[in-house]
Every structure is written in structure tokens, then in C-alpha cells.
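Next come the chains, spelled out residue by residue.
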Amino acid sequence: MWRIFPLLLCFYAVLSSGTSSDDDRRWLVSLIDLVELDYQDQCNQRAEATWEELLGNEKILSLKVLLEQDKAFGIFSSKQKMDVKSAFTSQALAADDDVLRRRVKLLLQPGDTLLETEQWIRLVTFADTALNRLRFAGDYNCGVTVNCTLRELHNAIAREQDEEKLRLMKASWDRHLPDFTEYLNKILPLLRNASKENLYDSVEEYWDSLAEYEGAMLTAREIWDHVRPLYLKLHKYVSLKLKGVDEVGKPLPIHLLRSLNGDDWSNLIESLLPTHPDIYQKLHANLQLKDVSGLNAFKEANKLLKQLNLGEIPSEILKESAFNGTCPPTIVDWCEPNRMRFVSCKDVSIQNYMDAHETAMKIKYKITTGLHSNNTYVLREAPRYSAIYEAVPGFVSLLSLNPHTLERAGLYPLNRFNYNQNHNRLVLQLIIALRDLPKLNYYIAADEWRLDVLMGKIPYHKINESWSEFRKNFSLIESSNSDILGSAHVLSNKPYIGNFLGLILKYQVYQSFAEELRSDDSDLIQHVSENNQRLIDAMMQGYGTPWPEMVSDLLAKRENGLEYTGLTDYFRLLDEYLDNQLDPTSENTIEEYVEPPIEVPPQENEIPEESPLPKPENNEEEQENAIKTHDNINENIIDTEDDHNYKLETSTVGVLEIKNPLAAGDQTEPTNVKEASYNIYWWVGVAVAIAIVVILVAIIARKRHNHRKQLERQRRQNSRA
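Residues numbered from 1 in each chain as written. Predicted model: local features only at pLDDT ≥ 70, side-chain atom pairs only at ≥ 80, totals over all residues. Heavy atoms only, no water.

Student: How do you make sense of the overall build of the protein chain when you look at a structure like this?
Tutor: Of regular secondary structure, the protein chain possesses 32 helices and 4 strands. For the protein chain, long-range pairs separated by at least 24 residues make up 74% of all intrachain contacts whose partners lie at least 6 apart in sequence. (Helix = DSSP H or I, 4+ residues; strand = E, 2+ residues; numbered from the N terminus. Contact = heavy atoms within 4.5 Å.)

So this is what it looks like as C-alpha cells:
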């Protein structure tokens with residue numbers, strides 16, 4: 001019944017209007033308001049079904065509910081498009097009516113939901129069923145266990161070293177993928193129909209329109225041509241470390257990458273570390289010791305958001321989210337401000353730590369957009385792929401490994417980082433490159449292969465094996481023919497172009513802030529917090545403005561479009577290191593490594609030892625200065641003819657350093673033994689201190705005695721005179 005009141009207002013507006021054009025506009029605005037409210041209801045119902053399905057609550061029933069909601073959404077969206085189209089006339093919009101024009105366009109071209117009802121149902125049934133089976137299958141091969149869950153499979157692949165076991169793990173996942181032939185014959189061709197319903201001549205043009213970037217695929221190809229050399233160097237380095245010099249440049253089996261579809265090589269990091277991986281070892285150990293996983297990882301992400309002066313995720317979202325699922329996290333949005341939840345995992349790893357920061361920023365992005373989008377559904381939740389929505393959270397994930405962030409989180413001390421800045425930056429760049437470069441390659445490979453199939457570039461008799469062949473040539477990875485169907489984007493016929501452009505843009509955002517620093521040692525986190533308005537402005541606009549129009553302001557007027565240089569500049573040290581590893585004669589070398597001092601944790605009542613000063617070089621100028629200083633000091637000293645007694649004073653520093661010998665040894669000793677040892681040292685220290693005081697008193701007495709003798713001799717000489 002509550003829908004009737006806005007409808008009555010709509011009729012009242014029409015009856016009380018003065019001109020025909022005003023009537024058309026009022027009618028259109030009222031209709032769109034109602035349509036967006038109905039969209040929000042649909043979103044709410046689908047979110048409830050999705051949440052239940054992700055949690056696995058009565059998974060058969062929840063899948064059925066989700067399918068029914070998804071089917072109904074397509075029918076609803078198509079009907080709403082027709083209603084808006086019938087109400088829209090050229091007289092309804094004024095020349096300066098940009099917001100209304102934007103809302104109309106987004107509602108008239110909602111994407112794949114314009115498919116015919118039977119085709120839409122076929123698409124969502126295929127995708128939802130396949131994802132449900134992958135998520136909740138319990139018979140994966142985890143090496144030791146042959147009946148395990150998807151989460152256990154991910155963990156087993158990350159740790160396994162045996163090549164044959166890795167192959168069997170990957171094969172057990174492949175067996176749960178949907179039928180590849182059905183996908184090629186019945187699902188992928190629906191993209192042609194969707195592009196026609198949205199009034200585009202080709203799928204590539206249709207995807208470009210969804211990404212709202214003219215020539216998006218062409219731009220992606222050009223950017224990839226410049227990034228590809230770095231990807232190939234990383235691939236060769238991985239081959240060198242895993243297979244030896246003879247395999248460099250040859251395709252790698254996907255299971256050796258410890259990844260199910262080869263889009264993330266982070267699990268290889270410990271096999272690829274350079275000679276001095278101090279920062280990785282301590283970071284990894286501290287994440288384990290502090291249990292930075294699940295909720296704790298998101299609490300750390302909240303701290304960084306607060307340091308960046310962007311605000312925190314509301315506590316209600318954290319309390320209502322689940323941490324017993326799989327990673328990376330999945331966000332469920334009810335399309336209402338502040339009403340979101342996510343499903344994540346409790347596994348500790350650097351990639352999960354970074355994923356938590358990226359997910360937290362995506363949630364904050366959605367909240368900010370919801371509060372500043374004229375409170376309309378379509379300007380918050382448009383069916384478009386925004387590179388800025390991908391870039392800003394991705395930028396925060398880069399900041400999660402910033403030295404100052406690690407220092408504040410207690411994960412790696414900044415003073416230790418400064419000993420070998422280039423080495424430590426190299427290790428961090430390697431960690432991030434293993435995460436981002438394979439993703440970039442996978443995004444463009446998945447889109448290019450689908451376009452090639454749809455455009456008939458692949459002979460029909462080779463089409464069933466075309467993905468594995470394409471991946472071998474494009475990515476130098478040996479994959480199965482069907483593992484591309486492990487991607488939710490591919491199952492749902494969604495393009496990756498928005499993700500690709502967003503990944504490129506995040507490095508441009510990073511570069512725009514980093515170039516404003518006075519030096520590489522400056523606190524980038526503090527600088528971003530003081531200059532974060534351009535991030536906030538971009539989030540506030542949401543989908544009210546096409547994202548390419550916001551790039552210039554986001555980058556502080558430095559660039560108007562997407563450039564590859566932000567990424568290649570970020571990985572400069574890694575690029576040089578890979579050159580050196582692949583070609584030992586290369587002149588690109590990283591500066592010599594300096595071993596940081598061993599850190600001994602201070603004990604209770606311990607006087608900390610001062611850091612030793614560096615010894616000056618033995619040059620003539622410094623020797624001359626030292627002699628002058630020594631002469632000046634001696635002018636103020638009474639010669640007692642007992643210089644050897646001064647040597648006793650230099651031993652006091654060592655005496656005052658009371659150490660507990662059990663601290664670094666056996667921690668299982670009883671407490672009373674430790675207290676006894678401490679008492680012994682305390683009494684020894686007191687005794688030595690008393691001895692020093694006695695010696696000093698003796699020295700002073702001796703000085704006074706010699707001084708009296710000298711005065712007596714002078715008095716006698718004067719009396720004789």
C-alpha cells in the first residue's frame with residue numbers, strides 16, 4: 001500500500017502542472033523514483049538469498065531461493081525498462097538536466113537483464129548452479145585427505161610441495177566444473193543477444209559501454225603490450241626457480257603455480273625470495289603471532305582507514321559478517337546505506353591481509369557513495385564496471401604493505417626497514433607482483449578468448465580445446481580446457497575489462513601521491529590523510545558521473561586517461577632484479593645488503609644499551625681534531641702522576657647492563673630460578689658500584705694529598721727566599 005502514495009503524488013503533479021513539457025518531466029521523475037524503489041526491493045530480496053546461499057544454510061533450498069530471485073530480477077528489469085522508455089520523451093529533459101538524463105540512460109540500458117526471459121533464466125541457472133557446486137563440494141582431493149572442502153583445498157595447495165599431489169588437487173577441482181560444451185553452445189552466445197538488446201553491434205562495443213570507457217578493449221591491449229615484458233620476466237624467474245634454467249621461457253603447468261586458475265601466484269613467494277628476505281620472514285611471523293586473520297585482519301584494515309582519515313567500517317557490519325568461509329572475501333550488498341555484510345576466512349597469510357584491506361575499502365567506498373548520491377538506487381548501484389571502484393580499494397591494499405603502515409601495526413619496525421631500503425622494497429614488490437601481474441594477464445586473456453570465440457576467429461573443430469591453447473600462447477601457462485569456468489565473471493558472461501583498467505589505475509593513484517612526497521622516506525600514509533579529498537570526491541560521485549571524467553581530478557590533474565607507467569615505475573626495483581637474475585652479466589644490481597643488528601627484547605628493570613656510534617675514518621684531519629680536543633681537556637686536569645687509575649672508570653658501562661640469561665634460552669625454567677639469577681646479578685652490580693665509589697674516593701683523596709704536598713713545597717721555597 002505504501003507504493004500508492006508516491007503514485008498519487010505523481011498524478012497530482014500532472015494535474016497541477018502548467019505546461020506540457022513540465023508535465024512530461026514531472027511524470028518521468030515520479031516514475032523513475034518508483035522504479036528505483038522497486039529496484040531496491042529486488043536487491044534486498046536477492047541479497048537475503050545470496051547471504052543464505054553463501055553461508056550454506058540448507059544449501060539446496062537456499063540455492064533454489066537464490067535462483068528464483070535471480071530469475072525474477074531479469075523479468076522485472078526488462079519490464080521497468082519498457083515503462084521508462086514509454087514515459088521518456090525528448091520534451092521531458094531540459095538542456096541542463098544532467099542527473100535525470102543520467103538516470104534515464106542507466107535504466108534504459110541495464111545490461112544482460114534485457115535478454116529474453118528464457119535466455120536470462122538459462123544464464124542465471126547455469127551460473128548459480130555451477131558456483132554453488134564449487135563452493136560446497138566436500139570431496140576435493142587435498143593430498144592427505146581425499147574428501148575435503150574448498151577452503152581446505154586452497155590451504156593444501158598453498159602448502160604442498162609435491163608436484164604430483166598438486167596435479168591431483170587441481171584435477172579434483174576441475175571435475176566439479178560445469179560442462180564446457182554446454183557453456184560454448186548455450187551460454188557464451190547469449191552475449192551476442194545481450195549486446196543487440198542494448199543496441200550495440202558487437203560484444204566488444206557492448207563491453208566498452210558497460211565499462212563506460214570508449215575503446216576500453218583497445219586501450220587494454222595497448223597497455224598490456226607495455227606491461228607484458230615485466231610479466232614475461234616474472235614468468236621466466238618463476239620457471240628458473242621451480243624448474244631450472246632449461247625450462248625458462250616454456251609454459252608452466254598451472255598446478256605448479258599453486259593456483260586453481262593461475263590468476264594469483266602468491267603461494268610461490270617462499271620459493272622465489274631473494275637471498276636476504278628479512279622483511280618477509282618477520283612480516284609473515286608477526287602475522288602468525290598476532291593472528292591477523294578473519295576479524296583481526298579487518299580490524300587492522302579499519303586502523304589504516306582511520307589513519308588515512310577516511311573513516312572506519314561500522315561495527316555492525318563487522319559483527320554481522322561471517323569469517324568461516326573462503327577467501328578472498330565476498331561482499332553482499334542490500335543496496336541500502338550501511339547495510340552490507342561479507343564472508344571471509346580465518347586463514348593467516350599476507351594475501352589475505354591485503355584482501356582484507358581492499359575489501360574494507362570497497363565497503364567504505366559503497367557507504368560513501370550511498371551517502372552522497374541523491375539517495376537514488378541507480379546512482380549507487382548502476383549496472384556498470386567502474387575502474388575507480390576497483391582502483392581506490394586496490395590503492396589501499398598497496399598502502400597496507402607501506403613501511404609506515406607495517407610499523408604502526410607492529411608487523412615490521414621502520415628502523416629495521418631503513419637498513420636495507422632497496423632490498424626490503426624489492427621483497428615487497430615481489431609479493432605484490434605475484435598477486436597483481438597474473439591477475440592482469442588473466443583478465444585480458446579471459447576477455448580476449450571469449451571475443452575470439454564469438455567473432456569466429458577460432459576454427460569450430462578446435463573450439464573445445466581453444467582455451468588451453470590460447471592460455472599457453474598468451475600466458476605461457478598449461479591449463480585444462482575448462483578451468484576458465486571456475487570464474488564467476490565468465491559463468492555470468494561478465495567482462496573483466498573494468499577490473500583490468502582498475503588495476504592499472506590504482507598504480508597511477510599511488511604514483512600521484514608518491515610523487516608529491518619530499519623523499520622516499522616520507523610518511524605516505526600521513527600525506528594521503530592530509531590530501532585525501534580527491535579520493536573522497538571520487539567516491540561521493542558514485543555512478544552519477546562516468547568514471548573516466550573523474551580520472552584527472554583523482555590524479556590531481558596529472559593525467560586525463562590510463563597510463564601503464566604508474567605500474568612499471570612502481571616495479572622498477574623488481575624489474576632490475578629480474579634482469580640481473582635472468583642475465584648475470586646485467587649491470588642492474590641492487591646495493592649490497594647490510595645485516596641489521598640482532599634485536600634482543602628488553603627485560604624488566606633493564607637499562608637499554610645505546611646504539612654504538614660508527615667509528616670515524618682514520619684521516620689526518622680527524623686525528624688533528626682529536627689531538628686538539630685531548631689537549632683542551634688536559635688543561636683542566638690536575639696532574640696527580642697516577643693516570644693508570646682512570647682506567648677503572650671505563651668499566652662502569654658494562655657493569656650497568658644487567659641481562660637475564662634465561663630470556664633467550666629455555667623459557668620453561670621455574671620463575672624462582674629466574675628471580676634468583678636476577679638477584680645474584682643485582683648484588684654483583686651493587687658490590688661493583690660500591691667498589692667504584694671507594695676507588696673514586698681514594699683517587700680524590702690522593703689528589704688532595706698531592707695538592708697539599710705541592711703547596712707545602714712552594715711555601716718552603718718562599719720562606720727560604
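On we go.
Student: Before we go on, may I ask you to explain the side chain of Ser-373 in this structure?
Tutor: Along the chain, Ser-373 turns up in the loop between helix H16 (350–371) and helix H17 (377–380). Here the side chain of Ser-373 touches Thr-369 through a polar contact of 3.0 Å, landing on its backbone oxygen. With near-sequence residues (within four places) excluded, Ser-373 lies in contact with Leu-379 and Arg-380. (Polar contact = N/O pair within 3.5 Å; in protein donor to acceptor, adjacent residues only side chain to side chain.)

Student: Would you mind showing me how to read the UniProt feature "binding site: Zn(2+) 1" (unreviewed entry) in the protein chain here?
Tutor: The positions UniProt marks with the feature "binding site: Zn(2+) 1" (unreviewed entry) are Glu-390. According to the relative accessible area criterion, Glu-390 is buried, its value standing at 18%. In contact with Glu-390, not counting residues within four places along its chain, are Lys-362, Gly-498, Asn-499 and Gly-502. (UniProt positions renumbered as here; feature names shortened; annotations may be inferred. Buried < 20%, exposed > 50% of the residue type's maximum accessible area, 1.4 Å probe, protein only.)

Student: What is the right way to look at the side chain of Ser-349 in this model?
Tutor: Among the structural elements, Ser-349 can be located in the loop between strand E3 (339–343) and H16. Given a relative accessible area of 14%, Ser-349 falls into the buried group. There is a polar contact of 3.1 Å between the side chain of Ser-349 and the backbone nitrogen of Asn-352.

Student: Explain unusual backbone geometry here, please?
Tutor: Trans peptide bonds make up the majority, and among non-glycine residues the majority have a negative phi. The residue after Cys-327, namely Pro-328, is reached through a cis peptide bond having omega 0°. With respect to the helices and strands, the residue Pro-328 is situated in the loop between helix H15 (315–320) and strand E2 (330–336). Of note in this structure, Asp-291 is not a glycine but carries a positive phi near 50°. Of note in the backbone geometry, Ala-556 takes a positive phi value of approximately 55° without being a glycine. Within the secondary structure layout, Ala-556 lies in the loop between helix H27 (551–554) and helix H28 (565–570).

Student: Explanation requested: the packing of helix H14 (residues 294–307) against H16 in the structure shown.
Tutor: Relative placement of two packed helices is described by the angle separating their axes and the distance separating the axes. Look at H14 against H16: their axes get within 9 Å of each other, and the N-to-C directions meet at 60°. Classed by the angle they form, the pair H14 and H16 counts as oblique. Viewed along their axes, H14 and H16 form a crossing whose handedness is right-handed. Contacts between H14 and H16 involve Ala-297, Phe-298, Glu-300, Ala-301, Leu-304 and Leu-305 from the former and Ala-356, His-357, Thr-359, Ala-360, Met-361 and Lys-364 from the latter. Of the residues in the contact of H14 with H16, the class split is 8 nonpolar, 2 polar and 2 charged. (Axes fitted to C-alpha atoms, helices over the stretch in contact; angles between N-to-C directions. Parallel < 35°, antiparallel > 145°, perpendicular 65-115°, else oblique. Left-handed = near helix turned anticlockwise from the far one by under 90°. Nonpolar A, V, L, I, M, F, W, Y, C, P; charged D, E, K, R; others polar.)

Student: Would you take a moment to explain the packing of aromatic side chains for this structure?
Tutor: Aromatic ring pairs are described here by two measures, namely the spacing of the ring centres and the angle between the planes. Overall, the coordinates contain 29 aromatic pairs when judged by the stated rule. Ring centres of Phe-470 and Phe-474 lie 5.3 Å apart, and the angle between their planes is 15°; on these two criteria the pair is classed as stacked. Taken as a pair, Phe-470 and Phe-474 lie in helix H22 (residues 466–475) at a separation of 4 residues, close to a single helical turn. Exposure remark for Phe-470: the relative accessible area of 15% places this residue in the buried category. On the numbers, 5.2 Å between centres and 65° between planes, the contact of Tyr-507 with Tyr-570 is edge-to-face. Within this pair, whereas Tyr-507 is found in helix H24 (residues 497–514), its partner Tyr-570 is found in helix H28, the two being separated by 63 residues in sequence. In this structure, Tyr-507 and Tyr-570 share a single accessibility class: buried. Ring pairing ties together the aromatic residues Phe-180, Trp-224, Tyr-231, Trp-265, Tyr-442, Tyr-443, Trp-449, Trp-467, Phe-470, Phe-474 and Tyr-496, which thus form one cluster. It is Arg-46 that lies over the ring of Phe-73; its NZ or CZ is 4.2 Å from the centre. Positioned above the aromatic ring of Phe-513 is the side chain of Arg-534, whose terminal nitrogen or guanidinium carbon lies 3.7 Å from the ring centre. (Phe/Tyr/Trp six-rings, centres within 6.5 Å; stacked < 30°, edge-to-face > 60°. Lys NZ or Arg CZ within 6 Å of the ring centre and 35° of its normal.)

Student: How do you make sense of the state of the cysteines when you look at a structure like this?
Tutor: In a disulfide, the sulfur atoms of two cysteines are held together by a covalent bond. Across all of its chains, the model carries 3 disulfides by this definition. Shown here is the disulfide that connects Cys-142 with Cys-148, its sulfur atoms set 1.8 Å apart. Classification of the bridge connecting Cys-142 and Cys-148 rests on its S-S torsion, roughly 85°, and on that basis the disulfide is right-handed. When sorted by exposure, Cys-142 lands in the same class as Cys-148, which is buried. Cys-327 shares a disulfide with Cys-345; S-S distance 1.9 Å. On the sign convention where negative means left-handed, the S-S torsion of about -100° between Cys-327 and Cys-345 marks this disulfide as left-handed. Placement of the pair is Cys-327 in the loop between H15 and E2 and Cys-345 in the loop between E3 and H16, with a sequence separation of 18 residues. With respect to burial, Cys-327 and Cys-345 carry one shared label: buried. (Disulfide = S-S within 2.5 Å.)

Student: So what exactly am I meant to see when it comes to the packing of helix H21 (residues 421–454) against H22 here?
Tutor: Running from N to C, H21 and H22 point in directions that differ by 135°, and their axes come no closer than 10 Å. Here H21 lies oblique to H22, going by the angle between them. Like other packed secondary-structure pairs, H21 and H22 cross with a definite hand, here right-handed. Here H21 contributes Asn-441, Tyr-442, Ile-444, Ala-445, Ala-446, Glu-448, Trp-449, Asp-452 and Val-453 to the contact with H22, which in turn contributes Ser-466, Trp-467, Phe-470, Arg-471, Phe-474 and Ser-475. Residues belonging to the contact of H21 with H22 are distributed by class as follows: 9 nonpolar, 3 polar and 3 charged.

Student: Can you help me understand the nonpolar core in this one?
Tutor: In summary, soluble globular proteins display a tendency toward joint burial of nonpolar side chains. Ranked by size, the top nonpolar core spans 169 residues in total, and within it Leu-401, Trp-449, Phe-500, Leu-505 and Leu-567 carry the most contacts. By residue number, the principal contributor to this core is H21, which donates 19 residues. Shared between two domains, this core holds at least three residues of each, these being domain 1 (18–110) and domain 2 (120–137 + 176–582). Setting aside anything within four residues of it in sequence, one finds Phe-500 in contact with Ala-220, Ile-223, Trp-224, Leu-440, Tyr-443 and Ile-444. Counting residues in each nonpolar core, the second largest holds 14 residues, with Ala-137, Ile-157, Trp-173 and Leu-177 among its members. (Core = buried A, V, L, I, M, F, W, Y, C linked by side-chain atoms within 4.5 Å. Domains from an automatic or database assignment.)

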